[in-house]
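This is what each chain is made of:
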Amino acid sequence: MNIVSVADIGIEVAERLLKKKAFDELTLNDRIRQSNVEIFGEDLSPIDLVHRIVRDVRYKGDEALFHYTKLLDHVDLTPKNLMVSEEEFQAAERSVNPDVVASLKKAADNIFSYHEEQKPRSWMTYRAHGSILGQEVLPLSRVGIYVPGGTAAYPSSVLMNAIPALVAGVGEIIMAVPTKDGIINPYVLVAAHFLGIDKIFKMGGAQAIAAMAYGTEIVPRVDKITGPGNIFVTLAKKEVYGHVDIDMLAGPSEILILADDSASPQYIAADLLSQAEHDPLASSILITDDRSLAENTMSEVQRQLEVLPRKDIAGASIEDNGHIIVTENMEQAIALANVSGPEHMELLVKEPFHMLPQIRCAGAIFVGAYSPEPLGDYFAGPNHVLPTGGTARFYSVLNVETFMKRTSIISYTQRALDEVSDDIIRLAEAEGLDAHARAIQIRRGEHAELS
Ligand SMILES: NC(=O)c1ccc[n+]([C@@H]2O[C@H](COP(=O)([O-])OP(=O)(O)OC[C@H]3O[C@@H](n4cnc5c(N)ncnc54)[C@H](O)[C@@H]3O)[C@@H](O)[C@H]2O)c1
Ligand SMILES: N[C@H](CO)Cc1c[nH]c[nH+]1
Ligand SMILES: [Zn+2]
């Protein structure tokens, strides 16, 4: 992490620093590349690696799924142990701390009540001469939710994926989660169990995404895949899109904090590190117009990092993808923050609600000193599955509509059709599509030669 000042480097360089690389341009750190060379015998880019895994699972099914799970996760899968059994659910229930489960249930209540508000409705309206127009909003039949599990376990992501799907009324929810030594984190299982999800497959990474997108003998093919994950998961979702729908590209976590001289360096450092500890590719950025806040935050980050259990991951992330940018004023800071379009943006300024309307590009916005990012990760109710890599420019937070699709309803009476038939025929003829015109004319009693 370094401190740079816009006055020194210029606004264009600052913007370049903040513009996210596209997912397929991301590179791995040396340690992971080295281990991949050992596994695959060649130095594949993340996109080539994912392409190979997805293609193999698509054409070889379970055999390739088991092969890559052994290679990358060191777990022996078989047709018998791929899906979580009833005994495994029961063992998980026995091993958990009831206080943690109670907190998960409180979080689930908040997430349910927030997402209930989002439910879109079907509608029909009467138009001229008894015609009817409408829109039906239907839940998807089967979705696959991905719950990450490489370097940490995410029971909270079970809630965040599954609850909007349940509110939408999805027919069947299946879940993929990678395991450590073949055992899924018990809180992940308990959270799934109390939400009624019982088809859980012990698989992760690109191989899990491919299995759900194309189906294997054991894993059913789904209509849509949702959920966050690391670079391999995210690239695989991008690769299978079109065979199946996806929610968005929710890759390595990001936080950007906009702060003025009223903010606390301790709070800022803690919030930056909260996302850095997810992944060496996570990004943590502070933009401020106050040089001394920048310097105090820098020292505070180093101080707090020293005592973090996940210091190796957070340290690598801060080192490679941490930036502190000092701007000439807060207007410039806001403009730069919008260029970055981070997954999470915190407004730690004197009048955060005055700043809010100026933020045009962020997955979620945390307003004020007592709305730290982890409040949204776990508890407040809004979803924590959010677009990353600058894709907040066009993607939205995971929501109930993610799990639904819209169908138009059109019903005209004879009189209503007669009234507009000249217009339709004219438009069809202008496009040179005579059969289209005829479908209207025939209903007016024309084209006697065809009857
Ligand atoms: N954007 C969001 O909404 C959001 C929410 C929660 C978590 N996250 C992110 O999810 C990610 C979780 O990552 P994770 O790694 O802990 O779990 P993960 O489940 O996403 O990935 C683990 C899988 O990746 C595969 N893998 C690991 N190393 C590999 C390699 N070198 N080559 C090929 N495949 C490999 C393995 O098969 C493994 O099962 C983090 O980046 C975190 O920041 C994002
Ligand atoms: N911050 C993550 C989204 O980027 C979500 C999460 C889950 N658990 C903790 N954090
Ligand atoms: Zn988090």
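Rules behind the numbers
- Residues numbered from 1 in each chain as written.
- Chains lettered and ligands numbered in written order.
- Predicted model: local features only at pLDDT ≥ 70, side-chain atom pairs only at ≥ 80, totals over all residues.
- Heavy atoms only, no water.
- Helix = DSSP H or I, 4+ residues; strand = E, 2+ residues; numbered from the N terminus.
- Buried < 20%, exposed > 50% of the residue type's maximum accessible area, 1.4 Å probe, protein only.
- Contact = heavy atoms within 4.5 Å.
- Lys, Arg positive; Asp, Glu negative; His and termini not counted.
- Charge placed at Lys NZ, Arg CZ, Asp CG, Glu CD.
- Salt bridge = Lys/Arg side-chain N within 4 Å of Asp/Glu carboxyl O.
- UniProt positions renumbered as here; feature names shortened; annotations may be inferred.
- Polar contact = N/O pair within 3.5 Å; in protein donor to acceptor, adjacent residues only side chain to side chain.
- Core = buried A, V, L, I, M, F, W, Y, C linked by side-chain atoms within 4.5 Å.
- Near = heavy atom within 4 Å.
- Nonpolar A, V, L, I, M, F, W, Y, C, P; charged D, E, K, R; others polar.
- Domains from an automatic or database assignment.
- Areas by Shrake-Rupley, 256 points an atom, 1.4 Å probe, with all protein chains shown as cover.
- Pairing = 2+ DSSP bridges.
- Axes fitted to C-alpha atoms, helices over the stretch in contact; angles between N-to-C directions.
- Donors = N, O, S within 2.8 Å, 3.2 Å for Na, K, Ca; no water.
- Tetrahedral: all angles 85-135°; square planar, octahedral: opposite > 155°, others 65-115°.

1. Focus: the overall build of the chain
Working step 1: Across its full length, the chain carries 19 helices and 14 strands.
Working step 2: When each of the 451 residues of the chain is scored for burial, the buried share is 50%.
Working step 3: For the chain, the proportion of contacts with a sequence separation of at least 24, taken over those separated by at least 6, is 73%.
Working step 4: The chain carries 40 positive and 63 negative side-chain charges, and their two centres are separated by 5 Å.

2. Details of the pattern of salt bridges
Working step 1: This model, assessed by the stated rule, comprises 19 salt bridges.
Working step 2: For E88, the salt bridge is made with K202, and the minimal N-O distance between the two is 2.7 Å. In this pair, E88 sits in helix α6 (residues 86-95) while K202 sits in the loop between β6 (199-201) and α10 (205-214), placing the two residues 114 residues apart along the sequence.
Working step 3: By relative accessible area, E88 is classed as partly exposed at 27%.
Working step 4: Here R426 and D423 are joined by a salt bridge, their closest N and O atoms 3.2 Å apart.

3. Side note on the UniProt feature "active site" (unreviewed entry) in the chain
Working step 1: Mapped onto this structure's residue numbering, the UniProt feature "active site" (unreviewed entry) falls at E343 and H344.
Working step 2: On the secondary structure map, E343 appears in the loop between α15 (330-340) and β12 (344-348).
Working step 3: Contact partners of E343, with chain neighbours within four places excluded, come to S253, E254, A362, G363, A364, H384, L386, P387 and T388.
Working step 4: A distance of 2.9 Å separates a polar side-chain atom of E343 from the backbone nitrogen of E254.
Working step 5: Mapped onto the elements, H344 comes out in strand β12.
Working step 6: Note on H344: relative accessible area 1%, which makes it buried.

4. Some details on the nonpolar core
Working step 1: Grouped together as the largest cluster of nonpolar side chains are 44 residues, with contacts concentrated most on V158, L159, M175, I197 and I200.
Working step 2: Counting only elements with at least two residues in this core, the list comes to α6, α7 (98-116), β4 (142-146), α8 (155-168), β5 (172-176) and α9 (186-194).
Working step 3: In terms of residue count, α8 provides more of this core than any other element does, 8 residues in total.
Working step 4: Filtering out sequence-adjacent residues up to four positions away, I197 remains in contact with F89, I145, A162, I173, M175 and A192.

5. Side note on the site of ligand 1
Working step 1: Surveying the vicinity of ligand 1 reveals 31 residues, the closest of which are N36, D73, Y146, S253 and D279.
Working step 2: A distance of 2.7 Å separates an oxygen atom of ligand 1 from a polar side-chain atom of D73.
Working step 3: In this structure, H384 approaches ligand 1 through a main-chain N or O atom, which is 3.0 Å from an oxygen atom.
Working step 4: Every element with two or more residues in the shell around ligand 1 is listed here: α3 (30-40), α5 (62-73), α10 and α11 (231-240).
Working step 5: Looking at the shell around ligand 1 residue by residue, the classes come out as 14 nonpolar, 14 polar and 3 charged.
Working step 6: When residues of the shell around ligand 1 are assigned to domains, at least three fall in each of domain 1 (2-20 + 251-380) and domain 2 (86-250 + 401-405).

6. Some remarks on the site of ligand 2
Working step 1: In the vicinity of ligand 2, the residues found are Y154, S156, S253, Q275, H278, E343, H344, E373, D377, Y378 and H384.
Working step 2: In the model, a nitrogen atom of ligand 2 is placed 2.8 Å from a nitrogen or oxygen of the Q275 side chain.
Working step 3: One nitrogen or oxygen atom from the side chain of E373 is found 3.5 Å from a nitrogen atom belonging to ligand 2.
Working step 4: Burial of ligand 2 by the protein chains amounts to 92% of its free accessible area of 290 Å².
Working step 5: In terms of residues, the shell around ligand 2 owes the most to one element, helix α17 (residues 373-378), which gives 3 residues.
Working step 6: Residues of the shell around ligand 2, tallied by class, amount to 2 nonpolar, 6 polar and 3 charged.

7. Observations regarding the sheet that holds β6
Across a sheet, paired strands are connected by hydrogen bonds in the backbone, their directions being either parallel or antiparallel.
Working step 1: The parallel open sheet is built from 5 strands, whose spatial order is β6-β5-β4-β7-β8. Both outer strands of the open sheet, β6 and β8 (245-246), are each paired with one neighbouring strand and no more.
Working step 2: Judged from the 3 bridges that link them, β4 and strand β7 (residues 224-226) form a sheet pairing that is parallel. Residue V143 lies in a different strand from β7, and its bridge partner there is K224.
Working step 3: Against the sheet, α8 touches β4, β5 and β7, its axis set at about 165° to β5.
Working step 4: Where α10 meets the sheet, it contacts β4, β5 and β7, and its direction lies at approximately 175° from that of β4.

8. What to know about the coordination of the zinc ion (ligand 3)
Working step 1: Taken together, H278 (NE2) and D377 (OD) make up the full set of protein donors to the zinc ion (ligand 3), lying 2.1 Å away.
Working step 2: One can describe the site at the zinc ion (ligand 3) as irregular: its 4 donor atoms subtend angles covering 83 to 176° at the metal. Here H278 is found in the loop between α12 (265-276) and β10 (283-288), whereas its partner D377 is found in helix α17, with 99 residues between them in sequence. Assigned by exposure class, H278 and D377 land together as buried.

9. Focus: the UniProt feature "binding site: Zn(2+)" (unreviewed entry) in the chain
Working step 1: In this numbering, the UniProt entry assigns the feature "binding site: Zn(2+)" (unreviewed entry) to Q275, H278, D377 and H436. Taking the farthest pair of C-alpha atoms as the criterion, the annotated set spanning 162 residues is dispersed, since that pair is 55.8 Å apart.
Working step 2: Those residues in contact with H278, other than ones at most four positions away along the chain, are T151, Y154, S253, R310, I313 and D377.
Working step 3: Contact partners of D377, with chain neighbours within four places excluded, come to S156, M160, Q275, H278, H344 and H384.
Working step 4: For D377, the side chain forms a polar contact with the side chain of Q275, separated by 3.4 Å.

10. Here we look at the sheet that holds strand β2 (residues 123-126)
Working step 1: With antiparallel pairing, the 3 strands of this open sheet are ordered in space as β2-β3-β14. In this open sheet, the two strands that pair with only one neighbour each are β2 and β14 (404-411). Recorded for the sheet is a direction-independent mean angle of 10° between the axes of neighbouring strands.
Working step 2: With 4 bridges joining them, β2 and strand β3 (residues 132-139) adopt antiparallel strand pairing. Its bridge partner being in β3, Y126 is matched across the sheet by I132.

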